[in-house]
Every structure is written in structure tokens, then in C-alpha cells.
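# Results of the structural survey
The residues making up each chain are set out below.
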Amino acid sequence: MNEETTAAPFQPVLTRCADAETCADPSSVMTLLGETSGAAGFTSYRSTFAEGAVGAPAHFHTKATELFFVISGSLRVLVGDEITVLDAGDFLAVPPHTPHAFAAAPGSEADVLFVFTPGMGRFDYLRLLGRVLRGEADPKEIAESGERFDNHYVDSPVWRAALEGSA
């Protein structure tokens, strides 16, 4: 039996919980788990959302697929023009060019694992969000970083109405 060995697209990535970088704001904590670049790369982080916390506004990615796995609690998610609630153990894959948004479901906290593929330095985007929330960076930097981080914001009347209805 002849096994052909091919080079791995990146070295194995191991992040110990005690060593993981975190980014926090008043309503969520993001734990940066690992990322690699390139077509076979990924970005992975874990977000814990306080009850009623809003995650990302409506947006889409042109290159990346975004994967959601709910560890505990419930996450309200917009996909296209449909809103659904993901509960503990639920998984969602959002393909490129699909508008989506997310927030903790009304009356619930949420603990969610996010994975993007391919990876493209998204940790820098998460760090930028933290700097903006702390007043250390101008919010327009987020809009200006859309191409770099493949994050393109869109208006969603469906999502706005859902958030207003739970206020």
C-alpha cells in the first residue's frame, strides 16, 4: 500500500484557553481561538453574549462562508430576509453573498462558536471593533475596512423591525 504525503496548507493550530486573547465590550466577550490565511485557512472565535446583546448588524461576505455553532443559550439570526432562532447544539452555515445578522435571542444569553473560511486576518477586525467601542478609534474605520475584512454592511428592514420589536 503506497500512501502519498501532501503538505498541509498550514501548521496545526492549538490555542489553550488560558492563553487565548479576549476582546470585550459591555454586552459580549470574544475569545480569539485561531486563524490561518489562504484558501484553506480559517478564523475561529467564541462569543458570549449577555441577555439582549446585539452582535453584528446586517452584512454579507463576498469570499467567506461563516459558520455558527451555538454552545449554549439562544441566538436570533437573520439569513437573507428570514429570522430564526438557533438553540444550543444548532449549527448554521451562511454562504458568501448572503445577508445575515445576529443577536442574543430575546430573554436569552448566547455562547457561540464562529468559524470563517477562508481565513483573512479577521482578528484584526475584532480588535478594531473593540477599539471603536472603547473610543480609541473612529467608527468610520469599520466602514473603510470592508474590503480588507470582507465585511459589507447592508440595510435590512426585517432585522431593524425585529430588533425594535424586542426593545
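The residue count restarts for each chain, going from 1 along the sequence in the order it is written. Under the rules for a predicted model, residues below a pLDDT of 70 receive no local features and side-chain atom pairs below 80 are neither given nor counted, while totals for whole chains, interfaces and linings still include all residues. In computing side-chain values, all of the structure's heavy atoms are included and hydrogens and water are not.

With that settled, the discussion passes to the pairing of strand S5 (residues 65–79). By the bridge criterion, eight bridges tie S5 to strand S9 (residues 110–117) in an arrangement that is antiparallel. If you follow leucine 67 over to S9, its bridge partner there is valine 115. We treat two strands as partners when DSSP finds at least two bridges between them. In DSSP terms, a helix is any run of H or I states spanning at least four residues, a strand is any run of E spanning at least two, and both are numbered starting from the N terminus. Pairing of S5 with strand S7 (residues 91–94) involves four bridges; the strand directions are antiparallel. What sits directly across from phenylalanine 68, in S7, is leucine 92. Sheet analysis places S5 next to strand S6 (residues 82–87), joined by six bridges and oriented antiparallel. Counted as the bridge partner of valine 77 is threonine 84 from S6. Alignment of S5 against strand S8 (residues 100–104), held across five bridges, turns out to be antiparallel.

The next point concerns the packing of aromatic side chains. Aromatic contacts are taken between Phe, Tyr and Trp rings whose centres are within 6.5 Å, Trp giving its six-membered ring; a plane angle under 30 degrees counts as stacked, one over 60 as edge-to-face, and the others as tilted. For the structure on display, the rule yields eight aromatic pairs. Consider the rings of tyrosine 45 and phenylalanine 116, whose centres lie 6.2 Å apart with planes at 20°: the pair is stacked. Taken as a pair, tyrosine 45 in strand S3 (residues 43–49) and phenylalanine 116 in strand S9 lie far apart in primary sequence, 71 residues in all. When sorted by exposure, tyrosine 45 lands in the same class as phenylalanine 116, which is buried. Aromatic side chains phenylalanine 68 and phenylalanine 102 sit 5.5 Å apart centroid to centroid with 80° between the ring planes, which places their arrangement in the edge-to-face category. Partly exposed residues are those whose accessible area sits between 20% and 50% of the maximum for their type, while under 20% is buried and over 50% is exposed, using a 1.4 Å probe and protein chains only.

Let us look at the pattern of salt bridges. Any carboxyl oxygen of Asp or Glu that lies within 4 Å of a side-chain nitrogen of Lys or Arg is treated as forming a salt bridge with it. Considering all chains together, one arrives at seven salt bridges under this definition. Among the ionic pairs, arginine 127 bridges to glutamate 21, the shortest N-O distance being 2.7 Å. Of the two residues, arginine 127 sits in helix H1 (residues 122–133) while glutamate 21 sits in strand S1 (residues 21–25), which places them 106 residues apart along the sequence. Taking the relative accessible area as the measure of exposure, glutamate 21 reaches 34% and is therefore partly exposed. With its nearest N and O atoms 3.8 Å apart, the salt bridge here joins aspartate 150 to arginine 122. Separated by 28 residues along the polypeptide, aspartate 150 in the loop between helix H3 (146–149) and strand S10 (152–153) and arginine 122 in helix H1 bring together distant segments of the chain. A residue is classified by how much of its surface remains accessible, and aspartate 150, at 0% relative accessible area, is buried. According to the relative accessible area criterion, arginine 122 is buried, its value standing at 3%. Beyond isolated ion pairs, a larger network of salt bridges with shared partners links Glu21, Asp124, Arg127 and Arg148.

Our focus in this paragraph is the nonpolar core. To qualify as a nonpolar core, a set must consist of buried Ala, Val, Leu, Ile, Met, Phe, Trp, Tyr and Cys residues joined through side-chain atoms within 4.5 Å. In terms of nonpolar packing, the biggest core is built from 29 residues, with Tyr45, Phe49, Phe68, Leu75, Phe102 and Val112 touching the most fellow members. Within the residue set of this core, elements represented by two or more residues are strand S2 (28–35), S3, S5, S7, S8, S9 and H1. Here this core gets five residues from one element, more than from any other, and that element is H1. In this structure phenylalanine 102 touches Phe49, Val54, Gly55, Ala56, His59, Glu66, Phe68, Leu75, Arg76, Val77, Phe114 and Trp159, once residues within four positions along its chain are discounted. Ala58, Leu78, Ala101 and Ala103 belong to the second-largest nonpolar core, a separate cluster that totals five residues. Any two residues whose heavy atoms approach within 4.5 Å at even a single point are treated as in contact.

Function cannot be inferred from these measures alone, as they are strictly geometric.
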